[in-house]
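Coordinate analysis (summary)
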Amino acid sequence: MKKILIIGGGAMGSAFSIPCIDNNHKVFITEPYSQRFIKNLSSKNKFHSALKINLPKKLKFKKYSNKLFYEKYDLIVIALSLTGINFIANELKKFKVKSPILVLTKGLKYEKLNKKIFTISQTLLKSSPKLNLSVLKGPCLAKELARKCKTSVIIANKNIKIAKLLGKMISTKYYLIEYSKDVIGVEICSAIKNIYSMIIGSGLSLNKSSSLFQKSLSEMKYITKSLKGKEDTVLSLAGVGDLYVSAAGGRNSKMGNYLGQGFTFQRAKKKFMANDTVEGEQLVREIAPFILKKFNSKKIPLMFQMIRSILKNKKFLI
Ligand SMILES: NC(=O)c1ccc[n+]([C@@H]2O[C@H](COP(=O)([O-])OP(=O)(O)OC[C@H]3O[C@@H](n4cnc5c(N)ncnc54)[C@H](O)[C@@H]3O)[C@@H](O)[C@H]2O)c1
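Residues numbered from 1 in each chain as written. Predicted model: local features only at pLDDT ≥ 70, side-chain atom pairs only at ≥ 80, totals over all residues. Heavy atoms only, no water.

**Topic: the packing of helix α8 (residues 206-226) against helix α9 (residues 237-248)**
In contact at an axis separation of 11 Å, α8 and α9 are set at 145° when each is read in the N-to-C sense. The chirality of how α8 crosses α9 is right-handed. For the pair formed by α8 and α9, the contact residues are F213, S216, L217 and M220 on the first element and G239, V240, L243 and Y244 on the second. Among the residues making up the contact of α8 with α9, the classes are represented as 6 nonpolar, 2 polar and no charged. (Axes fitted to C-alpha atoms, helices over the stretch in contact; angles between N-to-C directions. Helix = DSSP H or I, 4+ residues; strand = E, 2+ residues; numbered from the N terminus. Left-handed = near helix turned anticlockwise from the far one by under 90°. Contact = heavy atoms within 4.5 Å. Nonpolar A, V, L, I, M, F, W, Y, C, P; charged D, E, K, R; others polar.)

**What about the pattern of salt bridges?**
For the coordinates displayed, the defined rule picks out 9 salt bridges. Between K3 and E71 there is a salt bridge, with its nearest N and O atoms 2.9 Å apart. Of the two residues, K3 is situated in strand β1 (residues 3-7) and E71 in the loop between β5 (60-62) and β6 (75-78); the sequence distance between them amounts to 68 residues. On the basis of relative accessibility, which here comes to 23%, the residue K3 falls in the partly exposed class. The exposure class of E71 is partly exposed, given its relative accessible area of 32%. Salt-bridge contacts for E91 lead to K94; the nearest nitrogen and oxygen are separated by 3.1 Å. In this pair, E91 and K94 both sit in helix α3 (residues 85-94), 3 residues apart, roughly one turn of the helix. (Salt bridge = Lys/Arg side-chain N within 4 Å of Asp/Glu carboxyl O. Buried < 20%, exposed > 50% of the residue type's maximum accessible area, 1.4 Å probe, protein only.)

**Description of the environment of E219**
In this structure, E219 sits in helix α8. Taking the C-alpha atoms as reference points, E219 and E31, separated by 188 residues in sequence, lie 36 Å from one another. Setting aside residues no more than four positions away along its own chain, E219 makes contact with Y196, K299, I300, P301, L302 and M303.

**Some remarks on unusual backbone geometry**
Residue K46 is not a glycine yet carries a positive backbone phi of 50°. One can find K46 in the loop between α2 (35-42) and β3 (47-48).

**Quick look at the nonpolar core**
Considering soluble globular proteins, one finds that nonpolar side chains tend to be buried as a cluster. Core analysis: the biggest nonpolar cluster contains 73 residues, and I88, L124 and Y196 have the highest contact counts within it. At 11 residues, helix α7 (residues 183-201) tops the list of elements feeding residues into this core. Composition of this core by domain shows at least three residues from each of domain 1 (3-181) and domain 2 (187-311). Setting aside anything within four residues of it in sequence, one finds L124 in contact with I78, I85, I88, A89, L92, V103, L131 and L133. (Core = buried A, V, L, I, M, F, W, Y, C linked by side-chain atoms within 4.5 Å. Domains from an automatic or database assignment.)

**Quick word on the site of the ligand**
Near the ligand you find 21 residues, and of these A11, M12, E31, S81 and E279 are the closest. In the environment of the ligand, an oxygen atom lies 2.9 Å from a nitrogen or oxygen atom belonging to the backbone of A11. The contact in question runs from a nitrogen atom of the ligand to an N or O atom on the side chain of T83, over 3.1 Å. Bound to the protein, the ligand loses 84% of the 850 Å² it would expose on its own. At the level of secondary structure, the elements contributing two or more residues to the shell around the ligand comprise α1 (11-22) and β10 (133-137). Residue classes in the shell around the ligand are distributed as 9 nonpolar, 8 polar and 4 charged. (Near = heavy atom within 4 Å. Polar contact = N/O pair within 3.5 Å; in protein donor to acceptor, adjacent residues only side chain to side chain. Areas by Shrake-Rupley, 256 points an atom, 1.4 Å probe, with all protein chains shown as cover.)

**Some remarks on the sheet that holds β10**
Strand order in the open sheet formed by 8 strands is β5-β2-β1-β6-β7-β10-β11-β12, with mixed pairing between adjacent strands. Strands with a single pairing partner mark the edges of an open sheet, and in this sheet they are β5 and β12 (175-180). Recorded for the sheet is a direction-independent mean angle of 25° between the axes of neighbouring strands. By the bridge criterion, 5 bridges tie β1 to strand β2 (residues 26-30) in an arrangement that is parallel. Counted as the bridge partner of I7 is T30 from β2. (Pairing = 2+ DSSP bridges.)

**Comments concerning the pairing of β12**
Note that strand β11 (residues 151-156) and β12 share 6 bridges and pair parallel. The residue bridging V153 from the neighbouring strand is I177, located in β12. For the crossover that starts at β11, traverses helix α6 (residues 160-170) and ends in the parallel β12, the hand is right-handed. (Right-handed = clockwise from strand over helix to strand, strands pointing away.)

**Some details on a positive patch on the surface**
Taken together, the side chains of R36, K52, K143 and R147 define a basic patch exposed on the protein surface. Looking at where R36 falls in the secondary structure, it is placed in helix α2. (Patch = residues over 30% accessible without salt bridge, like charges linked within 9 Å, V, L, I, M, F, W, Y side chains within 5 Å. Lys, Arg positive; Asp, Glu negative; His and termini not counted. Charge placed at Lys NZ, Arg CZ, Asp CG, Glu CD.)

**Some thoughts on the domain arrangement of the chain**
You can read the domains of the chain as domain 1 (3-181) and domain 2 (187-311). Computed over C-alpha atoms only, the centres of domain 1 and domain 2 are separated by 25 Å. Taken together, the 20 residues of domain 1 in the interface contact 20 residues of domain 2. Summed over both partners, the interface of domain 1 with domain 2 comes to about 1,800 Å²; 71% of that surface belongs to carbon and sulfur atoms. Taken together, the links from domain 1 to domain 2 amount to 1 salt bridge. Among the ionic pairs, K106 bridges to D242, the shortest N-O distance being 2.9 Å. (Buried area = accessible area lost by both parts, 1.4 Å probe.)

Structure, rendered in structure tokens:
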């Protein structure tokens, strides 16, 4: 039995507790930010308002506090959204955390100062270079994992032995794990697929979406290679696997669909998705300064068109 702490009680962090509990581990979950999730997790029946299920009774809720990091864990899982990454980077640094860490968060960070893009693991390692860090990505709808639908994901660590140890700890017959040494490639693919799923969603017909799917894969290969990831990773669960699930449904492709119908981003957001987070839009705003400066629009025309459409609030014309 291992001791696992999940930081982030949103949909994904909470769903992730289920395979961990099925493996008979002692699982704690904490929520540093959202009153809604604190209320859900500390309630008697543990009804999770995003997952629409009661979480296992064995899952223990811990109030977020500094004291959490005085304890030793066999694994700390980070399941915060991208906006929580700077916060957790500071906390891990302050408390010199030594436990192995597994990051579920998807996204990239742009640093204005040196005009560079950083993956999430690079962001965390910048402030705490000695962290024992692995990343887990892939096509995983939290609601489906919570209902134990068969799900395959990928753990990346340059040291594949560590990745496999973690995989053994969390895999079940419905939660299957693959492995990769290409940490950067896995992180880049799992982030930019949110932008490409908007692009594919704009297709409106299966024929057009299929053609956009193929073009998106080519651009993802080009971007991944340019940012020092492996081109082949685009064909893994973190790339094409995750692109499929996001393009087939979800908030990014829904926004893409409105853009395809001729709405501008701002109009579509206000009219149809006012309360929804569109991760692809957030990532466009984050990485646009870097992409526009460092890439040639002829090499990645779909990405440039989506950036223009969101930043300038112009119609998405392809
Ligand atoms: N690796 C995977 O298999 C996988 C699968 C699905 C989603 N994800 C990723 O997991 C992350 C969380 O997704 P989710 O569906 O649980 O989202 P969610 O909105 O349900 O939960 C977001 C979590 O982040 C926290 N948070 C938000 N803003 C914060 C801030 N400013 N400071 C600190 N904490 C903050 C929230 O309190 C909550 O715990 C996303 O990056 C998503 O892309 C990963």
